[in-house]
Every structure is written in structure tokens, then in C-alpha cells.
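Each chain, letter by letter, is given below.
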Amino acid sequence: MINADEIAGILKQQIKSAQTQVREDEVGTVIEVGDSIARVYGLDSVEASELVQFPNGLFGIVFNLEEDNVGVVIMGDDSEIKEGDTVRRTHRIVSVPVGEAVIGRVVNPLGQPLDDKGPVNTTRTRPIETQAPNVVQRQGVHEPLQTGIKAIDGLIPIGKGQRELIIGDRQTGKTAIALDTILNQKGKDVICIYVAIGQKASTVAQIYKILTDAGAMDYTTIVAANASDPASVRYIAPYAGCAMGQELMYNGKHVLIIYDDLSKHAQAYREISLVLRRPPGREAYPGDIFYLHSRLLERAAKLSDELGGGSMTALPVIETQQGDVSAYIPTNLISITDGQIYLDTNLFYQGIRPAIDVGLSVSRVGGNAQTKAMKSVAGQLRLELSQYRDLAAFSKLASDLDKATQAQLSRGEKVTETLKQPQFEPLDLDKQVIQIYVAVKDYLADIPTDRVREFQRQFYEFLKTAHPDIPAFIADRKELTDDIRAKLDGAIVEFKQRFKAAA
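Think of each chain on its own: its residues are numbered from 1, step by step along the sequence as written. Only residues with pLDDT of at least 70 get local features here, since the model is predicted, and only at 80 or more are side-chain atom pairs given and counted; chain-wide, interface and lining totals rely on the full set of residues. To obtain the side-chain values, all non-hydrogen atoms of the structure were included, while hydrogens and water were left out.

Side note on the overall build of the protein chain
Here's step 1: Secondary structure counts use DSSP, requiring at least four H or I residues in a row for a helix and at least two E residues in a row for a strand, with both numbered from the N terminus. The helix and strand inventory of the protein chain stands at 15 helices and 16 strands.
Here's step 2: Along the first, second and third principal axes, the C-alpha set of the protein chain runs to 120 × 55 × 40 Å.
Here's step 3: Three exposure classes are used, based on accessible area relative to the maximum for each residue type with a 1.4 Å probe and protein chains only: buried under 20%, partly exposed in between, and exposed over 50%. Looking at the protein chain as a whole, 53% of its 503 residues are labelled buried.
Here's step 4: With the model as given, the accessible surface of the protein chain reaches about 23,400 Å², and the carbon-plus-sulfur share is 49%.
Here's step 5: Within this scheme the basic residues Lys and Arg register as positive and the acidic residues Asp and Glu register as negative, but His and the chain ends are omitted. To locate a charge, the coordinates of NZ of Lys, CZ of Arg, CG of Asp or CD of Glu are taken. Once the 56 positive and 66 negative side-chain charges of the protein chain are each reduced to a mean point, those two points are 5 Å apart. Only the protein chains shown count as covering a residue, and every accessible area follows the Shrake-Rupley method with a 1.4 Å probe.

Structure (C-alpha cells):
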């Protein structure tokens, strides 16, 4: 028998518990696509920099908000997108995974792994575009960030929270300086982020191998936007790396971030802007190209103690054409940063490597970011080099030189020889201070120039065995007292006798 009351009761129960699942999506239609750009009609409420999704799962970033359509930059291959496709809003601004999980990984600018180590295990994300810390949230740069390169730590010191530009022609050693700085952070509690923008995949693989072999990948993240990637991916790469660094900085950590290089970043932005028909300005770059880099580099800071005292130090790299530092992008970046390390092609081919032009290089933070030991020996170094450079230029015109001039030229040669350093061999502070001290105190006067580096190397080894307290004191206390100077002078005299006898 069918019980009508029972059936009615069941139906009433089901009607009461029924839930209507209505999902509302705001969608638009592709009206034009090409060159990794899509124009979409119908997304009236979409926000600037919002992520939108195409039918094949590809994402795009809303770039242009126009009267009747929006310009969307496609984050990938646009060949599968066609006119008439529906585009859905995600209500999310472009974000990347952040936190400790990204350390030691190679990821693309969207945070997707490129290193076959599985997904990045973190639920934390951060928008790639965030506000830079304001004046009250910062403090002055006062802690040194050692690069391990004598010429930089002695003459152009970099502090935690500083922005120091590395500038020079192609193949002058810009990336080598950046990598040496990363290698030198081993055991110094600094997390490094290397952002490769528009480089060949083989070059990035080579950098990964160098860092892995040196054990530096334990504290380094590589964000890679390769030359084969669309302009949109290259454009967001430095912002993505910066977001990862900011997360660590706000957690009280010290971060070093390298943007290699911002010339290619500016070119990617110019490419996008021209395809979107934005008005071109000088060198065909759009009018807001300065803002492109200023909003990125301002995010590097030394935070106040109330915010944990973390820091993010930025080393942007820029490539010049035939040493032209007065070009558009280089002048923009020189005006934004706190100094520049200028690499000279002529010095490079003369065998002076790193090829740092001490005259054109400057650190606007200066001695604030130097230890007492380095400051006490390096003050004379800049003067020595500038006098030598002037004299060397003048001596080319003179046929015979007096003894005093010859002695000064010889001294300058030996100081220059001391500052030469092989690639991927960063030096500890005590080693740098001792080598510079030997050079500026004129202990190399009777050592042949071609044996200067051999003398310096053997002298440090002699110190480590015969007088280990001297390097240990400098490394620990980071200063040169009168007592240590006297001991060092005695050790140099003692070693010189041995060195000459062995010769």
C-alpha cells in the first residue's frame, strides 16, 4: 500500500532541506587577440591588475581599463585563445606563494616550480604589487652587507636595506659580482633571491649549478623568467621576487635580492605598452617607465626595530650600450638607487677584474655601512687610487719621470693588483682588511708587481699559523686597535724576510 501521508512528509522534508546552488560569474568576451594581448568586452567591474581566466585555464592580468573594453596581458601561449571565448573574473590580484617554502627552489614568476622538486608547500601568498614601507617604518642603513669583493667592501660599501646599482656593458662581469655576493652570504643569516629576467634558460641552469655546487642554494631562491617566456611573464618577474623577499623582511629576516637585469624588464614593459597602443615617449618607452622601477626599488628597506628590524637589500643590474650611462633607463635607475658600481670595459680587457671604475662608482650610504676595521684602512685606499689614476694618465704624455713619481706609480700598480680578485672567490672581512692594510702601508714597495697576489696569499696563510690571534681578532671585533696594528706590522716584516729568502 502506498501511504500518501508518508510520501507527502518525505517531499516536505526534501523541499525544506533543498538548497539552490546559484553561482554568479562576471564574464566577458574576447574581441581581439594577438602578441600575448587580448581585448575583452563586457568586464565592466573588473579592477586593474586583477587576474582573469580564459577557457583553456590560462590566466591574464588586466592592464588597460578603457571605455568599451579592457586590455588583458596573457600569461602564456595565446595560440589557443580565439575571438568569442569567454573570460571570467577571479576577483584576485596577481599573487605569488611566499614564506620559507620558496627558499632553495627555482620557480617562475607565478610561483610554479621549475626544478622537479614537487609543488611549493605553502598556503601563504602575497600580491606582487604592494606598498613600499613609509618613512616612519624605516631606519637608516647602518649594518654592512659584505660582498666578499675587496674593491666593493673597501671603496663602495653596501649596507643592509640599500639599493646599489650594478651597471656596465655586456660581458663585463655584472652577474659575476651578484653571484659572488650571494656566495659570500653563506653562514651570515641572509636569504638571497636571484631574479633572472629575459636570460637564456641555459644561463639560468648554469647559475643554478654554480650556486648548488657552492652550497648556496640552501639559502637562495631563483625566480626565472626566461628569454622564451612572453613579455607579460618577464614584466611581473621582479615584482614576484620582491613580494617573496618582503614576506621574509617583515618576519625579521635579512634578504638580498638581485634583479638581473632591469634593461630587459623595461624592454618587456615597452613591448606590452606598445601592443596595447599606449603613447610612446623617449626611446619609445611609455611615460610611466620611471614609476615602473621606482615602485619596485622603493620596496627595499631597513625596517624599524618595532617592525622586527628586517631588511631587504636590492642589487639591480643594468646593461649599457658602449658605456653610455646617460641613456634613458640607466639615468632613471641611477637617480632611484643609493649609488652605483660601474664596470668599465677597458679595465676588463686590461685584466683588472672585477673591472670596477672607482672614479665613477659611488655608495651614497658610505662609511655608515662599513666596519671600523675596513673604514680605518680603506680611507687611504680611495685617495691612493685616485692619485694613481691621475698620475698614470699624465705619465703617458711624459718621456722621463722623477723617482718620486715612479715610486707613486709603482705603489698605485701594487694597490690595483691587490684589488684584483678571481671570480667565485669571495673573501672574509679579516682577509680583506689585512690585504688592503699591507698595500696602503707601502709594504709592497720592494715586491715585484707580478708577485703581489702570491705575497698576499702566502702572508695570510703565514698569519693563520704563526699569529692566528690577529685575523681572529679582526674577524671577531671588526676593528684594528693600536696593539693589533703593531703586531701586524711585526708579522709583515718577519714574513717579508722569509718571502725574499725563498725567492
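What to know about the sheet that holds strand β12 (residues 220–226)
Sheets are built from strands paired through backbone hydrogen bonds, the pairs being either parallel or antiparallel.
Here's step 1: In this analysis, strands are considered paired if DSSP registers two or more bridges between them. Taken in spatial order, the 8 strands line up as β8-β12-β11-β13-β14-β10-β15-β16 in an open sheet, and their pairing is mixed. Each edge of the open sheet is held by one strand with a lone partner, namely β8 (106–107) and β16 (362–363).
Here's step 2: The pairing of strand β11 (residues 190–199) with β12 spans 7 bridges and is classified as parallel. When the bridges of β12 are listed, Ile 197 appears paired with Ala 225.
Here's step 3: Sitting on the sheet, helix α5 (residues 231–250) is in contact with β8, β11, β12, β13 (254–260) and β14 (311–319), with an inclination near 175° to β11. What makes two residues a contact is simply this: any of their non-hydrogen atoms within 4.5 Å. Here an axis means a line fitted to C-alpha atoms, over the contact stretch when the element is a helix, while the angle between two N-to-C directions is reported on a 0 to 180 degree scale.

Some points on the side chain of Gln 162
Here's step 1: By the element assignment, Gln 162 lies in the loop between α2 (150–155) and β10 (165–168).
Here's step 2: Residue Gln 162 is classed as buried on the basis of its relative accessible area of 0%.
Here's step 3: What qualifies as a polar contact is a pair of N or O atoms within 3.5 Å, subject to a donor-acceptor requirement within protein and to the restriction that residues adjacent in sequence count only when both atoms come from side chains. Of the polar contacts made by the side chain of Gln 162, one reaches the backbone nitrogen of Gly 159; its length is 2.8 Å.
Here's step 4: Excluding anything up to four places from it in sequence, Gln 162 contacts Val 141, Pro 157, Met 312, Thr 313, Ala 314, Asp 338, Ser 363, Arg 364 and Val 365.

Here we look at the packing of aromatic side chains
Here's step 1: Stacked, edge-to-face and tilted are the three classes for Phe, Tyr and Trp ring pairs, Trp counted by its six-membered ring, which pair at centre distances within 6.5 Å; planes under 30 degrees apart are stacked, over 60 edge-to-face, the rest tilted. The final tally for this structure, using the stated rule, is 13 aromatic pairs.
Here's step 2: An aromatic cluster is present here, built from Phe 455, Phe 459, Phe 462, Phe 495 and Phe 499 joined pairwise through their rings.
Here's step 3: For a ring to carry a charge above it, either NZ of a lysine or CZ of an arginine must fall within 6 Å of the ring centroid while also lying within 35 degrees of the normal to the ring plane. Geometry around Tyr 285 places Arg 270 over its ring, the cationic atom sitting 4.2 Å from the centre.
Here's step 4: The ring of Phe 348 is capped by Arg 353, whose NZ or CZ atom sits 4.0 Å from the centre of that ring.

Digging into the pattern of salt bridges
Here's step 1: Counted as salt bridges are all cases of a side-chain nitrogen of Lys or Arg within 4 Å of a carboxyl oxygen of Asp or Glu. Applying the stated criterion to the full structure yields 28 salt bridges.
Here's step 2: As a salt-bridge pair, Lys 302 and Glu 143 come within 2.8 Å of each other at their nearest N and O atoms. A residue pair is termed long-range when its members are at least 10 positions apart, and Lys 302 in the loop between α7 (289–297) and β14 and Glu 143 in the loop between β9 (125–127) and α2 qualify at 159 residues.
Here's step 3: Of the residues examined, Lys 302 reaches a relative accessible area of 5% and is grouped as buried.
Here's step 4: Take Glu 143: its relative accessible area is 24%, and that puts it in the partly exposed class.

Side note on the sheet that holds strand β5 (residues 70–74)
Here's step 1: Taken in spatial order, the 6 strands close into a barrel running β1-β2-β5-β4-β3-β6, and their pairing is antiparallel. Neighbour to neighbour, the strand axes of the sheet diverge by 45° on average, direction disregarded.
Here's step 2: In this sheet, strand β6 (residues 86–93) lies alongside strand β3 (residues 50–53) in antiparallel orientation, the contact comprising 3 bridges. From the neighbouring strand, Glu 50 faces β6, where its bridge partner is Ile 93.
Here's step 3: The strands that helix α6 (residues 262–275) touches are β1 (27–34), β2 (37–41), β4 (59–65) and β5; relative to β2, the one it contacts most, it runs at about 40°.

Quick word on the layout of surface pockets
Gaps left between atoms are located by rolling a probe of water-molecule size over the structure's atoms.
Here's step 1: Throughout, the protein atoms alone are placed on a 1 Å grid, and a set of points is a cavity if a 1.4 Å probe fits but cannot get out or a pocket if it is open with protein on both sides within 12 Å along at least five of seven lines; lining residues have an atom within 4 Å of a point. Grid points are joined across faces, edges and corners, and a volume is the space filled by probe spheres set on the points. Roughly 900 Å³ of volume is contained in the largest pocket.
Here's step 2: For the lining of the largest pocket, the secondary structure elements donating two or more residues are α3 (174–183), β11, α4 (201–213) and β14.
Here's step 3: Element by element, the count of residues in the lining of the largest pocket is highest for α3, at 6 residues.
Here's step 4: By residue class, the composition of the lining of the largest pocket is 13 nonpolar, 10 polar and 9 charged.
Here's step 5: In terms of lining residues, the second largest pocket is bounded by 22 residues, among which Leu 347, Ile 352, Tyr 388, Arg 389 and Thr 416 are the most central.
Here's step 6: Among the elements that take part in the lining of the second largest pocket, helix α10 (residues 372–395) stands out by supplying 5 residues, more than any other.
Here's step 7: The residue makeup of the lining of the second largest pocket, split by class, is 11 nonpolar, 4 polar and 7 charged. Throughout this entry, Asp, Glu, Lys and Arg are counted as charged residues, while Ala, Val, Leu, Ile, Met, Phe, Trp, Tyr, Cys and Pro are counted as nonpolar. The remaining residues, Gly among them, count as polar.

Regarding the environment of Ser 326
Here's step 1: Tracing the backbone shows Ser 326 in the loop between β14 and α8 (328–336).
Here's step 2: Through-space distance from the C-alpha of Ser 326 to that of Thr 465 is 50 Å; in sequence the pair is 139 residues apart.
Here's step 3: In this structure the side chain of Ser 326 is engaged in a polar contact, spanning 2.6 Å, whose partner is the side chain of Asp 324.

Let's talk about the packing of α7 against α8
In a pair of packed helices, the angle between the axes and the distance between the axes together describe the arrangement.
Here's step 1: At a closest axis distance of 10 Å, the pairing of α7 and α8 adopts a crossing angle of 35°. The crossing of α7 and α8 is right-handed. Where α7 approaches α8, its residues Ile 289, Phe 290, His 293, Ser 294 and Leu 297 are matched on the opposing element by Tyr 328, Ile 329, Asn 332, Leu 333, Ser 335 and Ile 336. Crossings are classed by handedness, with left-handed meaning an anticlockwise turn of the near helix from the far one by less than a right angle and right-handed meaning a clockwise turn.

Concerning the pairing of β12
Here's step 1: Counting buried residues in β12 gives 7 out of 7 residues, a clear majority hidden from the surface.
Here's step 2: Residues of β12 alternate between two faces, with Thr 220, Ile 222, Ala 224 and Asn 226 on one and Thr 221, Val 223 and Ala 225 on the opposite face, all of them buried.
Here's step 3: Pairing geometry for β8 and β12, over 2 bridges, is parallel. The partner of Val 106 across the bridge, within β12, is Ile 222.
Here's step 4: Handedness of the crossover joining β11 and β12 through α4: right-handed. For a crossover, the right-handed case is the one in which the path from the first strand over the helix to the second runs clockwise, viewed with the strands pointing away from the viewer.

What about the nonpolar core?
Here's step 1: Residues belong to one nonpolar core when they are buried, are Ala, Val, Leu, Ile, Met, Phe, Trp, Tyr or Cys, and are joined through side-chain atoms within 4.5 Å. One finds Ile 182, Leu 211, Ile 222, Ile 341 and Phe 459 to be the most contacted residues of the largest nonpolar core, which totals 69 residues.
Here's step 2: The element that contributes the greatest number of residues to this core is helix α12 (residues 429–440), accounting for 8 residues.
Here's step 3: Beyond its immediate sequence surroundings of up to four residues, Leu 211 is in contact with Leu 179, Ile 182, Leu 183, Ala 216, Met 217, Thr 220 and Ile 222.
Here's step 4: Residues Ile 37, Met 75, Leu 248 and Met 249 belong to the second largest nonpolar core, which totals 59 residues.

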